[in-house]
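Summary of the model geometry
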Amino acid sequence: DPQKERLGRIIRGGKYLNDLIREYLDLARLEGGSFTPAFRPNVDFLAHVVGPAEEVVEELFKARARTRVNKFEAKSVRIEADPGLLRIVLVNLLGNAAKYGKDSGRVVLTVRRDAGNLVVSVWNEGVGFRAADQSLLFRKFSRLPTPELKQVRGTGVGLYTSWRIVQLHNGRISARSRYGEWAEFTVEIPLEQPR
């Protein structure tokens, strides 16, 4: 039905613009210094960060026919953090896994503790990235030159914003890939913020 198809295009376009606005607002807040974390003790990471982030990206996963697999070491992981800021990070990582992953491919979200840190990784089947391009990943307005990735709309601010938020939490974010097969992004944040 051509009408249904046209409506679908309008909805997808609106969703893209909404995502674009959200990313630029996040970046503007970050650059304007209003991204100071409001740390809260004892945040349930799965309930207050993972759950809401998965809701945001659910439609994108359905549209791209991605299969999401969750691997959580416990039913609850408590952390001292700003849950709103960490949701932005997880929405960016899960959204990228859905957008840049292989059609009908798997996305695996892992949440675990390791030596006083929360470790969160998002792995996806897909084109990944070349080792030579890794240094571009967390730069502002940077997009990888890979032809397959250039076909997908993006702003080049999501990973930069995520990197800054993780820094504000005294953590680190890293990425690895086997080009043409998979990519994985990992965030490590202290369970308790240093005093």
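These notes cover the structure that comes with them.

Sheet strands pair via backbone hydrogen bonds, and the direction of the pair is either parallel or antiparallel. Taken in spatial order, the 5 strands make up an open sheet running E2-E4-E5-E7-E6, and their pairing is mixed. The strands lining the two open edges of the sheet, one partner per strand, are strand E2 (67-72) and strand E6 (172-178). Taken over all neighbouring pairs, the strand axes of this sheet differ in orientation by 15 degrees on average, direction set aside. Where E6 meets strand E7 (residues 182-190), 7 bridges bridge the pair, whose relative direction is antiparallel. Within E7, the position partnered with serine 174 by the bridge is threonine 186. This element, helix H3 (residues 83-100), spans E2, strand E4 (106-114), strand E5 (117-125), E6 and E7 of the sheet and lies at about 20 degrees to E5.

Further remarks concern the pattern of salt bridges. According to the stated counting rule, one finds 11 salt bridges in the structure shown. Residue arginine 66 is joined to aspartate 103 by a salt bridge in which the shortest nitrogen-to-oxygen separation is 3.5 Å. In this pair, arginine 66 is assigned in the loop between helix H2 (45-63) and E2 and aspartate 103 in the loop between H3 and E4, connecting sequence segments 37 residues apart. Exposure remark for aspartate 103: the relative accessible area of 62% places this residue in the exposed category. For glutamate 73, the salt bridge identified is with arginine 113, shortest N-O distance 2.8 Å.

This part is about the side chain of glutamate 184. Within the secondary structure, glutamate 184 sits in strand E7. Residue glutamate 184 is classed as buried on the basis of its relative accessible area, which comes to 12%. At a separation of 2.7 Å, a polar atom in the side chain of glutamate 184 contacts the side chain of arginine 176. In contact with glutamate 184, not counting residues within four places along its chain, are Ser121, Val122, Trp123, Ser174, Ala175 and Arg176.

Rules behind the numbers
- Residues numbered from 1 in each chain as written.
- Predicted model: local features only at pLDDT ≥ 70, side-chain atom pairs only at ≥ 80, totals over all residues.
- Heavy atoms only, no water.
- Pairing = 2+ DSSP bridges.
- Helix = DSSP H or I, 4+ residues; strand = E, 2+ residues; numbered from the N terminus.
- Axes fitted to C-alpha atoms, helices over the stretch in contact; angles between N-to-C directions.
- Contact = heavy atoms within 4.5 Å.
- Salt bridge = Lys/Arg side-chain N within 4 Å of Asp/Glu carboxyl O.
- Buried < 20%, exposed > 50% of the residue type's maximum accessible area, 1.4 Å probe, protein only.
- Polar contact = N/O pair within 3.5 Å; in protein donor to acceptor, adjacent residues only side chain to side chain.

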